[in-house]
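If you want the building blocks of each chain, they are given just below.
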Amino acid sequence: MFLLKPHVMGLEGQVTTPDVIVDHLQVDGKMRSPGFLTHECWQQVEGGAVARPAYCVMALGGGALILPCSVLSNGFVVVARQAWRLANLDGYIGEVALNGAPLKDVGLPSGLIEAAGGDGDALPRGFLLARTAGMTGGTAVLSDRVLGRELSLGLCLDPIDEDRWGDARPRPRYSVGPTQKEVPHYI
Amino acid sequence: MPYKAYAATMQSVWFSDDEGTSWNRLLTPTGGFYNEARVWAVHTHADRPGEVLAGSDQGLYRYTEGAGRFDYIPSPMDSLHILKIAQSPADPDFIVCGTRPAEIFISEDNGASWRRSNLDASTECWFINTSRVTSIHFDPADADTIWITVEIDGVFRSTDRGRTWEMIVRGLHDNDTHDLVFRDRDGGGRTVLCSTEDGVHRSDDNGRTWRQLEVPQAKWDYFRSLKQPAENSDTVIASVGDKPSGEAGELLISKDFGESWDLCEMSHPANSTIWTIGSNAADTSLLFAATIFGQIFKSVDGGESWLKAKRELGEIRMIAWAPV
């Protein structure tokens, strides 16, 4: 289970912030554990890790959301905390592009939705469906050419074998506080 | 001068656009912010009128007057508590955030990218279990130097824009440090004051050593916020309470940078420790102060006297005001 915390940008600049439980995740039609989902844009990864820009859709009470996301080769799926709500997902999504590629070329979500048991814009509750593009890179940008707006997810991938302290990583320290005296470790 | 006041509370950020009389939150459907988010920090910058940075348990947010909403700023701090925010006076794109656990995160591009600083603060604390950053200050004389206080671990200073830190606690009676103010003298010489759980401490050698000040006017030792209404002035306002969170508090004013203190005149007794004082260089006579349990006081005479607002909020962690 994952708690999606999107900022849903409305057409007139309003932002709603529903917190939504995701209990089913599909990436390119394959079921994955929602435990792979994260909002954490700062990721420590092994050398050679690759990110694939993607978009994902999820149904909410007021209409379907579309969000940029990124699928990492280590399995994690990073989802942006910014989303649009498309009242007419099926009819409008052709106007949206992912990193410049029209979603009709990347792959429209209708097939994913149908495979997940949905119909048209009506996704089953709790499903988040992701579709990757045939490209790699740390940034996923959804652009809406009609309304001239963009949603962006930028990843910061830090190599896991790099130590920010160099060879001088300190030991953890224990502070006592206002007792003004030595306190023995009590555990 | 039209201004807004901002209060960081355990129920989001409250705004006042009528000089602190009434307070409201943004509308949930349009405001971009969960109205029961815990918010510890609100921060404004003179070069960014109408902009407020807010540190919460949901991440870092930026309010802009034009948009009338909070926008989320992606950062590595989403799962931490963002307790303090500072922006370089010379460069508002240079943002420093302090968190619980005690870590420092720095952006030099207005929040587009972040680095975790190598702060070696304590990783466990007997008294509060988890140490935390209680204040962040850009050095008034050196744009690359940053000072912070950590509860409970002391005073730290970085002279390289937050890359490395030095712990400077020699002479402090107590490492439960809360706030700092600076006074640079014409012709050289600097005095720094540090508020702690055990009184105010003074350094005359740029933090190398500290000594505790006698403040007989204070009923209690628990000093929290220090504020100079005007930058680099001799006048300092200090907040004191019986304990955290406490049941009583008072404000003191010094006009000789801590040599002597007087009690401020307050219209009502404080219901808990006065946790925060908000000032702005745009008007050095106007200040706000708030107790941790929701009282708001305002001064229009540079901190000499304080009038309690009728409106009270819930738990308040920071109060600020800025021209709009």
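Definitions and cut-offs
- Residues numbered from 1 in each chain as written.
- Chains lettered and ligands numbered in written order.
- Predicted model: local features only at pLDDT ≥ 70, side-chain atom pairs only at ≥ 80, totals over all residues.
- Helix = DSSP H or I, 4+ residues; strand = E, 2+ residues; numbered from the N terminus.
- Buried ≥ 20, exposed ≤ 12 C-beta atoms within 10 Å, placed from the backbone.
- Rg over C-alpha atoms; globule rule 2.2 N^0.38 Å.
- Contact = placed C-beta atoms within 7 Å.
- Pairing = 2+ DSSP bridges.
- Core = buried A, V, L, I, M, F, W, Y, C linked by C-beta atoms within 7 Å.

What follows is about the overall build of chain A. Assigned secondary structure in chain A consists of 3 helices and 19 strands. Summarising its shape, the C-alpha atoms of chain A cover approximately 70 × 35 × 30 Å along the three principal directions. When the 187 residues of chain A are sorted by exposure, 34% land in the buried category.

This paragraph deals with the overall build of chain B. Along the backbone of chain B there are 1 helix and 29 strands. Its C-alpha atoms give chain B a radius of gyration of 18 Å, near enough to 20 Å, the size a compact globule of 324 residues would have. Residue burial in chain B is summarised as follows: out of 324 residues, 51% are buried. A separation of at least 24 residues holds for 49% of the contacts in chain B among residues at least 6 apart in sequence.

Of the residues lining the interface, 31 residues belong to chain B; the matching set on chain A comes to 26 residues. Elements with a minimum of two residues in the side of chain B that touches chain A: α1 (28-31), β6 (69-73) and β11 (124-125) of chain B. Of the strand pairs in this sheet, strand β19 (residues 174-175) of chain A and β11 of chain B are connected by 2 bridges, and their pairing is parallel. By the bridge assignment, S175 of chain A is partnered in β11 of chain B with C125 of chain B.

All names here are of chain B. Strand order across the open sheet formed by 4 strands is β20-β21-β22-β23, with antiparallel pairing between neighbours. Looking along the sheet, the strands with just one partner apiece sit at the ends: β20 (222-227) and β23 (262-263). Note: strand β21 (residues 236-241) against strand β22 (residues 249-254), 6 bridges, orientation antiparallel. Paired with V240 across the bridge in β22 is E250.

By definition, the strands of a sheet pair up through backbone hydrogen bonds, in either a parallel or an antiparallel sense. Read across the open sheet, the 4 strands follow the order β12-β13-β14-β15 (chain B); overall the sheet is antiparallel. Bordering the open sheet on either side are β12 (132-138) and β15 (166-167) of chain B, each of which pairs with just one other strand.

A7, A41, A54, A289 and I319 of chain B are the most contacted members of the largest nonpolar core, which has 91 residues in total. Sorting elements by how many residues they give to this core places strand β29 (residues 316-323) of chain B first, with 6 residues. In contact with I319 of chain B, not counting residues within four places along its chain, are A5, A7, T276, G278, F288, A289, A290 and I296 of chain B. Core analysis: the next-biggest nonpolar cluster, separate from the first, contains 44 residues, L67, V78, I93 and L151 of chain A among them.

Residue and element names in this part refer to chain B. Counting through the fold element by element, M266 comes out in strand β24 (residues 265-266). The class of M266 is partly exposed, set by 19 C-beta atoms lying within 10 Å. Residues M266 and F297, spaced 31 residues apart in sequence, show a C-alpha to C-alpha distance of 8.2 Å. Apart from residues lying up to four places away in sequence, M266 is in contact with E250, L251, F297 and W306.

With that settled, the discussion passes to the environment of D242 of chain B. Residue and element names in this part refer to chain B. Tracing the backbone shows D242 in the loop between β21 and β22. A residue is classified by how many C-beta atoms lie within 10 Å of it, and D242, with 17 of them, is partly exposed. Residues D242 and K219, 23 residues apart in the sequence, show an inter-C-alpha distance of 7.8 Å. The residues touching D242, leaving out its near neighbours within four places in the chain, are W220, Y222, E247, A248 and T273.

Right, let's talk about the pairing of strand β4 (residues 51-56) of chain B for a bit. Along any regular strand the residues' side chains alternate between the sheet's two faces. Residue and element names in this part refer to chain B. In terms of burial, β4 is largely enclosed, as 5 of its 6 residues are buried. Pairing of strand β3 (residues 39-43) with β4 involves 4 bridges; the strand directions are antiparallel. Its bridge partner lying in β4, V39 is registered against S56. Here β4 runs beside strand β5 (residues 60-64); their pairing, made up of 5 bridges, is antiparallel. Directly across from A54, in β5, lies its bridge partner Y61. Between β4 and β5, which pair antiparallel in sequence order, lie 3 residues; one of them, G59, sits at a positive phi of approximately 120 degrees.

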